[in-house]
Amino acid sequence: MKDENFLKENNARQLWHPMGHPGEAQANPPKIITGAQGVNITDIDGHQVVDAVGGLWCVNLGYSNDVVKQAIADQLQELPYYSAFAGSTNPTAIEAAFAVHEFFAEDGIGRVFFTSGGSDSVETCLRMARQYHRLRGQPTRTKFISLKKGYHGTHFGGASVNGNNRFRTKYEPLLPGCFHLPAPYPYRNPYNETDPAKLAQLIAQAFEDEIAFQGADTIAALIMEPILGAGGVIVPDSSFMPLMREICDRHGILLISDEVITGFGRSGDWSGARHWGVKPDMMSTAKGITSGYFPVGAALISESVAEVFEKSDAEGAIYHGYTYSAHPVGAAAVTACLAETLRLDTKTNAAARGTQLFEGVQKLAEKHDCIGDVRGGHGLMTGIEIVSDKAAKTPMDDATMKRIHQTAYEAGAMVRLGAHNILMSPPLTISETEVNTILSALDKGFAAV
Ligand code: PMP
């Protein structure tokens, strides 16, 4: 590796960073993370902190899982690449699809279509939803409904169903025929409804109204996260997803559960939809499928949707796929990661440590006026909304958010900023002591405001 001076001098000079301003990155160079062990990361200056971000909601097994690392290394020796496009396949892909299928059998998942990441998985589900309706003789069902504040990745389809303005406006025109319902977000919503169950009812009614307005026979699918992640960790009432499922069923609309974050234990169960007792028609997944060790995603298809494709005429051929769909090295990572996820029963620790983190932050909220709202309680997904005026719920300014972030970092925890929210999703293997380290670092961060 090049020496430290080279790295510091060239940081952000040639490399453009996702989700950031290239000029700002040059003026204020991002942290260079050089190593990681367990749940800790180390930067180029030797400063070690707990990674409360878990990479990017993805390093579910922590950084030191040797079983997954070895599986990747072995597969590189055995067969570093072969395509799974029609006409060929590879052994690890067959094994990985079997493992993913078993993992989500309780969710009604019947088939697995591998991708290179979350955005690809979302795109795959959206396209397959349209094709499904065509195969059933309903080609007018092309529209998509989603939630404001939802995040579904960065491809044109995903960006079109995204519910946050900043991911959309610069890239207009997006896909036509995408419509958004209010988020199940009691802290701020157009109805000023603070009761989560009543809010769920109001949004369900808005969904019904939108269907009546658009015409059910024009709508392909509803895509939603069971718990909204990047939008600020918005946990809906337990009635919300079942209500949406029932409306979808009544109108022949497919339900796509975007489980890129919530899948594989992060939400305290193996899937987010399982929390709410819902079986989706499709699921988009990524991140925890390999614990972030290799870029893999998967679109998962229910038995009943799969049958429509499999029993169809030539129109059922799927003209969609990625060079790296079912990549053998990625597939080896998937099989090893799922085996480790089950062996360590990560969902149980995620639930316990998630409660500890959530309750700890609630205690901090009694002490620090800048905390407007605390969200979580379902696994290791915690969101803190920071305000400059608690009564008026005024979003905190960027400079102050950066100060909280940097102070917390210096005090021992890397957290993530999403506008005026602090988002946390540490590895699911985190210990009680390490959660306390995050809480004490946050305490110092808020004290600096
Ligand atoms: N869907 C959801 C719910 C996500 O949180 C993300 C990424 N955070 C994506 C899709 C996109 O995944 P990727 O960044 O792997 O393309």
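You'll find the structure just up there.
Once a new chain begins, its residue numbering starts again from 1 and follows that chain's sequence as written. Whole-chain, interface and lining totals are the exception, using all residues; otherwise, since this is a predicted model, local features are given only for residues with pLDDT of at least 70 and side-chain atom pairs are given and counted only at 80 or more.

Engineer: Teacher, can you tell me more about the site of the ligand here?
Structural biologist: Around the ligand, a shell composed of 14 residues is seen, among which Gly117, Gly118, Ser119, Gly153 and Val260 lie nearest. With 3 residues, helix H6 (residues 118-135) is the single largest residue contributor to the shell around the ligand. Charged means Asp, Glu, Lys or Arg here, nonpolar means Ala, Val, Leu, Ile, Met, Phe, Trp, Tyr, Cys or Pro, and polar covers whatever is left, Gly included. Across the shell around the ligand, the residue classes tally to 6 nonpolar, 6 polar and 2 charged. Here is the check we use: build the C-beta atom from the backbone, and if it is within 6 Å of the molecule or strand, call the residue near. Secondary structure elements are defined from DSSP: runs of H or I of at least 4 residues count as helices, runs of E of at least 2 residues count as strands, and each element is numbered from the N terminus.

Engineer: I tried to follow helix H5 (residues 91-103) on my own but got confused; where do I start?
Structural biologist: Think of an α-helix as 3.6 residues a turn; residues three or four steps apart then line up on the same face. For a helix, the expected span equals 1.5 Å multiplied by the number of residues minus one. Compared with an ideal rise of 1.5 Å per residue, which puts 13 residues at 18 Å, H5 spans 19 Å between its outermost C-alpha atoms and is within 8% of the ideal. Counting other C-beta atoms within 10 Å of its own, a residue is labelled buried from 20 upward, exposed at 12 or fewer, and partly exposed in the gap between, with every C-beta atom placed from the backbone. Burial in H5 covers these residues: Thr92, Ala93, Ala96, Ala97, Val100 and Phe103. Down the axis of H5, the sector holding all buried residues measures 135 degrees, keeping them to one side. Looking at H5, the residues exposed on the side facing more than 90 degrees away from the buried face are Phe98 and Glu102. Comment: arc refers to directions from the helix axis out to C-beta atoms.

Engineer: Sorry, what's going on with the nonpolar core here?
Structural biologist: Note on soluble globular proteins: their nonpolar side chains tend to be buried together. By convention in this section, buried Ala, Val, Leu, Ile, Met, Phe, Trp, Tyr and Cys residues joined through C-beta atoms within 7 Å make up a nonpolar core. Of all hydrophobic cores here, the largest spans 119 residues; its most connected members are Ala129, Leu254, Met282, Ala333 and Ala413. Residue contributions to this core peak at 8 residues, all from helix H12 (residues 328-343). Domain delimitation in this document rests on an assignment produced automatically or drawn from a domain database. When residues of this core are sorted by domain, at least three fall in each of domain 1 (31-61 + 345-447) and domain 2 (68-343). Two residues form a contact once the distance between their C-beta atoms, set from the backbone, is within 7 Å. Not counting residues within four places of it along the chain, the set of residues in contact with leucine 254 comprises Ala129, Tyr132, Ala220, Ala221, Cys248, Asp281 and Met282.

Engineer: When you look at the pairing of strand E10 (residues 297-302) in this model, what are you seeing that I'm missing?
Structural biologist: The side chains of a regular strand alternate, first on one face of the sheet and then on the other. Of all 6 residues in E10, 6 are buried; the element is thus mostly enclosed. Side-chain alternation along E10 places Gly297, Ala299 and Ile301 on one buried face and Ala298, Leu300 and Ser302 on a second face that is also buried. Two strands pair if DSSP finds at least two bridges between them. Bridge count for strand E4 (residues 109-115) against E10 is 6 bridges, and the pairing is antiparallel. In the sheet register, phenylalanine 113 faces E10, and the bridge partner there is alanine 299. Of the pairings in the sheet, the one linking strand E9 (residues 282-285) to E10 comprises 4 bridges and is antiparallel in character. Bridge assignment links threonine 285 to a residue of E10, and that residue is alanine 298.

Engineer: What is the right way to look at the sheet that holds strand E7 (residues 219-224) in this model?
Structural biologist: Backbone-to-backbone hydrogen bonds join strands into a sheet, with any given pair of strands oriented parallel or antiparallel. Strand order in the open sheet made by the 7 strands is E4-E10-E9-E8-E7-E5-E6, with mixed pairing throughout. Of all the strands in the sheet, just E4 and strand E6 (178-181) have a single pairing partner and so form its edges. Adjacent strand axes in the sheet meet at a mean angle of 20 degrees when their direction is disregarded. Here strand E5 (residues 143-147) runs beside E7; their pairing, made up of 3 bridges, is parallel. Looking at the pairing, isoleucine 145 lines up with leucine 222 of E7. Each axis is a line fitted through C-alpha atoms, and for a helix only the stretch in contact is used; angles between axes span 0 to 180 degrees, taken between their N-to-C directions. Together, E7 and strand E8 (254-258) form the strand contacts of helix H9 (residues 240-251), whose direction differs from that of E8 by roughly 150 degrees.

Engineer: What is the right way to look at the environment of lysine 69 in this model?
Structural biologist: Within the secondary structure layout, lysine 69 lies in helix H4 (residues 66-78). You can call lysine 69 partly exposed: it has 14 C-beta atoms within 10 Å.

Engineer: For this particular structure, what's the right way to read the packing of helix H13 (residues 346-367) against helix H15 (residues 432-447)?
Structural biologist: Any two packed helices are characterised by the angle at which their axes cross and by the distance between the axes. As a packed pair, H13 and H15 sit with axes 10 Å apart at the nearest point and diverge in direction by 25 degrees. The orientation of H13 relative to H15 falls into the category roughly parallel. Pair H13 / H15 crosses with right-handed handedness. Residues Arg353, Gln356, Leu357, Gly360 and Leu364 of H13 touch H15, and the partners they reach there are Glu432, Val435, Ile438, Leu439, Leu442, Asp443 and Phe446. Every angle not falling under 35 degrees, over 145, or within 65 to 115 is termed oblique; those three ranges are roughly parallel, roughly antiparallel and roughly perpendicular. Take the far helix as the reference: if the near one is turned anticlockwise from it by less than a right angle, the crossing is left-handed, and if turned clockwise, right-handed.

Engineer: How should unusual backbone geometry be read in this particular structure?
Structural biologist: Keep in mind that most residues, glycine aside, have a negative phi and that most peptide bonds are trans. For the peptide bond that leads from glutamate 172 to proline 173, omega is -5 degrees, which places it in the cis range. By the secondary structure assignment, proline 173 is in the loop between helix H7 (156-161) and E6. Within the chain, phenylalanine 264 stands out as a residue other than glycine whose phi angle is a positive 65 degrees. Inspection of the secondary structure puts phenylalanine 264 in the loop between E8 and helix H10 (272-275).

Engineer: I keep staring at the packing of H5 against H12 and nothing clicks. Help me out?
Structural biologist: It is at 8 Å that the axes of H5 and H12 come closest, and there the two elements cross at 35 degrees. Relative to H12, the crossing made by H5 is left-handed. Each of Thr92, Ala93, Glu95, Ala96, Ala99, Val100 and Phe103 in H5 lies in contact with H12, whose residues at this interface are Pro328, Ala331, Ala332, Val334, Thr335 and Leu338. Grouping the constituent residues of the contact of H5 with H12 by class yields 10 nonpolar, 2 polar and 1 charged.

Fair warning: the whole summary comes from geometry, so function is off the table for now.
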